[in-house]
Amino acid sequence: MKSKINVTLKSSILDPQGTAVEHAIEALGYNGVGSVRIGKYIEVEFDSSDKSAVEAQTKELCEKLLTNTVIETYSFEVEE
Amino acid sequence: MKIGIIVFPGSNCDHDAEYAFKDVLGCDVKMIWHKSHDLEGADMIFLPGGFSYGDYLRSGSMASHSPVMKDVIEFANQGRPVMGVCNGFQVLTESHLLPGALLRNTHLKFACKMTTLRVETEKSIFTQNMNKGALLEIPIAHGEGNYYADVDVINALEDNGQVVFRYADSKGNITEDVNPNGSINNIAGIMNKKGNVLGMMPHPERAVAHELGSADGVHILKSLIEHGLEIVG
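Notes on the structure follow. Since this is a predicted model, take the numbers as computed values, not measurements.

## Structural notes on the interface of chain B and chain A
Turning to step 1, where the next piece is worked out: With 12 residues of chain B at the interface, the matching set in chain A holds 9 residues.
Turning to step 2, where the next piece is worked out: Residues that form the side of chain B that touches chain A fall into these classes: 5 nonpolar, 4 polar and 3 charged.

## Quick look at the nonpolar core
Turning to step 1, where the next piece is worked out: Judged by nonpolar contacts, the single largest core of 68 residues is most densely connected at Ile6, Ile45 and Val82 of chain B.
Turning to step 2, where the next piece is worked out: Leaving out residues up to four positions away in the same chain, Ile45 of chain B has contacts with Gly4, Ile6, Leu39, Val72, Phe75 and Val82 of chain B.

## What to know about the sheet that holds strand β1 (residues 2-9) of chain A
All names here are of chain A.
Turning to step 1, where the next piece is worked out: Strands sit in the order β2-β1-β3 across an open sheet of 3 strands; the sheet is antiparallel. Since the sheet does not close on itself, it has two edges, and those belong to β2 (39-45) and β3 (72-79), each with one partner. Adjacent strand axes in the sheet meet at a mean angle of 20° when their direction is disregarded.
Turning to step 2, where the next piece is worked out: Sheet topology note: the β1/β2 ladder contains 7 bridges and is antiparallel. Among the inter-strand pairings, Ser3 is bridged to a residue of β2, identified as Val44.
Turning to step 3, where the next piece is worked out: Against the sheet, helix α2 (residues 51-66) engages β1, β2 and β3, with an angle of about 155° to β3.

## Some words on helix α3 (residues 87-94) of chain B
An α-helix turns once every 3.6 residues. As a result, residues three or four positions apart point the same way.
All names here are of chain B.
Turning to step 1, where the next piece is worked out: Of all 8 residues making up α3, 8 are buried, and the element is well covered by its neighbours.
Turning to step 2, where the next piece is worked out: When α3 is considered as a whole, its buried residues turn out to be Asn87, Gly88, Phe89, Gln90, Val91, Leu92, Thr93 and Glu94.
Turning to step 3, where the next piece is worked out: Of the surrounding elements, those touching the buried residues of α3 are β3 (44-47), β4 (82-85), β5 (101-103) and β11 (197-200).
Turning to step 4, where the next piece is worked out: Positive phi shows up at His96, right after α3, with a value of about 65°.

## Overview of the environment of Asp23 of chain B
Turning to step 1, where the next piece is worked out: Its location among the elements puts Asp23 of chain B in helix α1 (residues 14-24).
Turning to step 2, where the next piece is worked out: Through-space distance from the C-alpha of Asp23 of chain B to that of Glu74 of chain B is 29 Å; in sequence the pair is 51 residues apart.

How each quantity is defined
- Per chain, residues are indexed from 1 in the order of the written sequence.
- Working convention: letters from A go to chains and numbers from 1 go to ligands, in the order in which they are written.
- Residue-level local features of this predicted model are given only where pLDDT is at least 70; pairs of side-chain atoms are given and counted only at 80 or more, and the full residue set underlies all totals for whole chains, interfaces and linings.
- Contact definition: two residues whose C-beta atoms, as placed from backbone geometry, lie within 7 Å.
- Each residue gets one label: Ala, Val, Leu, Ile, Met, Phe, Trp, Tyr, Cys and Pro are nonpolar, Asp, Glu, Lys and Arg are charged, and the others, such as Gly, are polar.
- Buried Ala, Val, Leu, Ile, Met, Phe, Trp, Tyr and Cys residues whose C-beta atoms connect them within 7 Å together make up a nonpolar core.
- Residues with at least 20 neighbouring C-beta atoms inside 10 Å of their own are called buried, those with 12 or fewer are called exposed, and the rest are partly exposed, where every C-beta is derived from the backbone.
- For two strands to be treated as a pair, DSSP must find at least two bridges joining them.
- The way it works is that DSSP assigns letters per residue, a run of H or I at least four long becomes a helix, a run of E at least two long becomes a strand, and they are numbered from the N terminus.
- Angles shown run from 0 to 180 degrees and are taken between the N-to-C directions of axes, each axis being a line fitted to C-alpha atoms and, for helices, limited to the stretch in contact.

Listed below in C-alpha cells is the structure:
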C-alpha cells in the first residue's frame with residue numbers, strides 16, 4: 001500500500017516562496033490569479049495490506065518526522 | 001572544561017567552533033560523530049552550523065533524529081548546557097528542546113553579513129559577563145533564520161525573559177530595517193525555560209578575533225565556559 005501525503009504551511013504562516021511565484025504568474029500576464037502556496041508531496045510505500053494500520057502509521061510518521069506541526073499541516077490518502 | 005561538538009553529515013561550522021573553543025579559549029574539545037552514543041564526558045554540548053543532511057525535508061529535521069541526539073536530549077534534560085548555532089538552532093527546535101521553528105527568510109535570500117545583536121538579558125549562563133542592552137557584532141549566514149512561534153509561545157518567551165538576543169541597529173534600536181530574515185520581534189536567539197539550552201542564528205564562533213571582523217563572540221562563549229555548569233541539577 002502507498003500513502004500519498006501532502007504537506008503545506010499553515011494558513012497563518014507567510015509563504016514568501018508562494019508570493020514570489022504569484023508575482024511571476026502575474027508577470028506572465030495571467031490575470032485573476034489569487035494567492036499561491038507551495039507545499040510538499042511525499043509518497044511512502046508500506047508492505048502491509050492492512051489499510052487502517054497503514055493510516056495509523058502514516059499519521060504517526062507525519063507527526064514525528066515528515067511534518068513540523070508548529071508550522072505545517074498535512075493530509076494524506078492511502079492507495080491500495 | 002570539556003566541550004563536545006556534534007558533527008552531522010553536512011555540518012560546516014564544526015571546525016570554526018573547535019578553533020574558537022580550543023585555540024582561542026583553551027578548552028578541551030571532543031568532536032563527536034552523529035552516530036555515536038557516547039558524549040565522551042563532555043561538560044557541555046555545541047551543535048554547529050551547516051547543512052546537516054543537506055537540509056533534506058526541513059533544516060535540522062533529519063539531524064534531530066540522529067542517534068547522538070537521544071543522548072543530547074537526555075543531557076539537556078539534566079539541566080546541562082547545550083548551545084546550538086544556526087543549523088544547530090534548527091536542530092534544537094526540531095528536537096523540541098526549544099519552542100518554535102525557523103522559516104525561510106522573508107526576502108528569500110541567503111543572508112551572509114555582520115549583524116548587531118542586543119543582549120536582552122544578563123540572567124543567563126550565556127550572557128553573564130555582559131550588561132542587558134550591550135551590543136555585539138556577530139555575523140549571520142543563513143537562508144532559513146526567520147524565527148516563528150505562535151502568539152502564546154512568543155508571549156511566554158518574552159514574559160519569561162527567554163529572548164536572549166535581538167537584531168538591533170548600531171544604537172541598539174530594534175527596527176524592521178535591521179531585521180535580516182523576518183524573525184518575530186527581531187529575535188536572534190532564545191533559551192529554554194530552565195536556561196540551559198540556547199539557540200541562536202548568528203555565529204559567535206566566527207567572531208573570535210579582530211582579524212575576523214569582530215571578537216565579540218568570545219563574550220558569549222566565555223560566559224558559557226565560566227557559568228555553564230551553574231544550572232546542572
